[in-house]
Amino acid sequence: MRRLCVFMLSFALLSACGGASSSDADKATGRTAAGDPPAWTAPADPLDRARAAGLQPEVRETLKYHVHAHLDVFFNGTAVAVPAGIGINIADPGVQRYDDPTGTAYGRINGCDQPCISPLHTHDPDGVLHTESADAKPNTLGQFFTEWGVTLNSRCVGEYCKPATDVAIYVDGKTFRGDPSAMKLTDQKEIAIVIGRPPAKVPTKGNFSGA
């Protein structure tokens with residue numbers, strides 16, 4: 001009987017102290033942001049945007065260093081699409097267009113006559129950020145947002161800035177408090193950007209099944 005009482009007391013203390021707590025993603029809170037969800041499309045000048053991010057476009061995908069991070073963006077709990085074809089000149093005849101379960105995708109490049117793809121890009125509208133490079137050096141989230149043409153810094157995501165709008169960043173379900181633009185896009189990293197009210201559950205793992 002005494003052992004049972006000690007066990008029950010220990011369990012109660014553990015629960016009260018958070019020993020069985022969930023990740024930060026389950027505690028996300030935020031005010032409702034004003035306006036409609038953003039319509040951030042892929043820019044019409046992908047290679048210029050890539051060069052502005054300090055990336056050198058190539059005539060094909062280079063897979064010596066090949067890693068994937070996953071990006072989710074939420075606006076008042078609703079997912080915002082990360083477009084396909086960011087960092088890719090989809091008008092180049094060397095770039096193939098094909099159907100994917102998530103929508104139209106771009107890639108499968110055998111070789112373009114001129115540079116047509118950045119080492120950092122999206123093939124599909126599934127949130128997977130592809131780094132396909134000759135150098136084993138992680139790219140950054142800030143470089144990707146430069147390619148996307150969307151502002152990203154410690155205060156703002158696009159036109160939404162603190163303190164007027166709640167903006168929160170999560171990595172693998174944990175709150176990230178640094179400068180998101182400097183975040184390295186290492187393999188299998190799940191990044192969630194939450195603008196305004198959060199979704200019912202912030203992702204803790206990315207879906208890389210199609211990568």
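Just above, that's the structure.
Attention here is on the structure that accompanies the text. (Residues numbered from 1 in each chain as written. Predicted model: local features only at pLDDT ≥ 70, side-chain atom pairs only at ≥ 80, totals over all residues. Heavy atoms only, no water.)

### Let's talk about the overall build of the protein chain
Consideration 1: Broken down by element type, the protein chain carries three helices and 11 strands.
Consideration 2: In sequence order, the protein chain lays out its α and β elements as α-α-β-β-β-β-β-β-α-β-β-β-β-β.
Consideration 3: Taking all 211 residues of the protein chain together, the buried fraction comes to 45%.
Consideration 4: When contacts within the protein chain are restricted to residue pairs at least 6 apart in sequence, long-range pairs at least 24 apart make up 70% of them.
Consideration 5: Carbon and sulfur atoms provide 52% of the accessible area of the protein chain, an area that totals close to 11,200 Å². (Helix = DSSP H or I, 4+ residues; strand = E, 2+ residues; numbered from the N terminus. Buried < 20%, exposed > 50% of the residue type's maximum accessible area, 1.4 Å probe, protein only. Contact = heavy atoms within 4.5 Å. Areas by Shrake-Rupley, 256 points an atom, 1.4 Å probe, with all protein chains shown as cover.)

### Looking at the nonpolar core
Consideration 1: Core analysis: the largest hydrophobic core is formed by 30 residues, its most contacted members being Trp40, Leu71, Phe144, Phe145, Trp148, Ile193 and Ile195.
Consideration 2: Mapped onto this core, the elements with two or more residues apiece are strand S1 (65–75), helix H3 (141–148), strand S9 (167–171) and strand S11 (190–195).
Consideration 3: Not counting the four nearest positions on each side in its chain, Ile193 is found in contact with Leu71, Asp72, Val73, Phe74, Phe145, Leu152, Val157, Ala168 and Ile169.
Consideration 4: Core analysis: the next-biggest nonpolar cluster, separate from the first, contains eight residues, Ala84, Val95, Ile109 and Cys116 among them. (Core = buried A, V, L, I, M, F, W, Y, C linked by side-chain atoms within 4.5 Å.)

### Digging into unusual backbone geometry
Keep in mind that most residues, glycine aside, have a negative phi and that most peptide bonds are trans.
Consideration 1: Of note, the bond from Lys162 into Pro163 is cis; its omega dihedral lies within 30 degrees of zero at 0 degrees.
Consideration 2: When you line up the elements, Pro163 lands in the loop between strand S8 (160–161) and S9.
Consideration 3: Although it is not a glycine, Asp172 sits at a positive phi angle of roughly 55 degrees.
Consideration 4: Of note, Asp172 is situated in the loop between S9 and strand S10 (174–176).

### Overview of H3
Consideration 1: Most of H3 sits out of view: seven of its eight residues are buried.
Consideration 2: Restricting attention to buried positions, one finds in H3 the residues Leu141, Gly142, Gln143, Phe144, Phe145, Glu147 and Trp148.
Consideration 3: Taken from the residues just after H3, Gly149 is the one with a positive phi, measuring 80 degrees.

### Looking at the pattern of salt bridges
Between side chains of opposite charge, pairing is possible as soon as their charged atoms come close.
Consideration 1: In total, this model carries two salt bridges according to the counting rule given.
Consideration 2: Asp166 is paired through a salt bridge with Arg31; the nearest N and O atoms lie 2.9 Å apart. In this pair, Asp166 is assigned in the loop between S8 and S9 and Arg31 in the loop between helix H1 (2–17) and helix H2 (46–52), connecting sequence segments 135 residues apart.
Consideration 3: Classification of Arg31 by relative accessible area gives partly exposed; the value is 48%.
Consideration 4: As a salt-bridge pair, Arg51 and Asp48 come within 3.6 Å of each other at their nearest N and O atoms. In this pair, Arg51 and Asp48 both sit in helix H2, three residues apart, roughly one turn of the helix.
Consideration 5: Judged by relative accessible area, Arg51 falls into the partly exposed class, the value being 42%. (Salt bridge = Lys/Arg side-chain N within 4 Å of Asp/Glu carboxyl O.)

### Examining the side chain of Asp92
Consideration 1: Along the chain, Asp92 turns up in the loop between strand S2 (78–80) and strand S3 (96–100).
Consideration 2: The side chain of Asp92 sits in the buried core without any salt bridge; Arg51 is the nearest counter-charge, 10 Å away. (Lys, Arg positive; Asp, Glu negative; His and termini not counted.)

### Here's the deal with the packing of aromatic side chains
Consideration 1: Taken as a whole and assessed by the stated rule, the structure comprises six aromatic pairs.
Consideration 2: Geometrically, the ring pair formed by Phe75 and Tyr160 is tilted, given 5.2 Å between the ring centres and 50 degrees between the ring planes. Placement of the pair is Phe75 in strand S1 and Tyr160 in strand S8, with a sequence separation of 85 residues.
Consideration 3: An aromatic cluster of at least three residues, connected via ring pairs, comprises Trp40, Phe75, Phe144, Phe145, Trp148 and Tyr160.
Consideration 4: Directly above the ring of Tyr98 sits Arg108, whose terminal nitrogen or CZ lies 3.7 Å from the centroid. (Phe/Tyr/Trp six-rings, centres within 6.5 Å; stacked < 30°, edge-to-face > 60°. Lys NZ or Arg CZ within 6 Å of the ring centre and 35° of its normal.)

### Details of the pairing of strand S4 (residues 103–107)
Consideration 1: With five bridges connecting them, S3 and S4 associate as antiparallel partners. In the sheet register, Gln96 faces S4, and the bridge partner there is Gly107. (Pairing = 2+ DSSP bridges.)

### Structural notes on the state of the cysteines
Consideration 1: Across all of its chains, the model carries two disulfides by this definition.
Consideration 2: Between the sulfur atoms of Cys112 and its disulfide partner Cys116 the distance amounts to 2.1 Å. Between Cys112 and Cys116, the disulfide has an S-S torsion of 80 degrees and is therefore right-handed.
Consideration 3: Using a relative accessible area of 0% as the deciding quantity, one classes Cys116 as buried. (Disulfide = S-S within 2.5 Å.)

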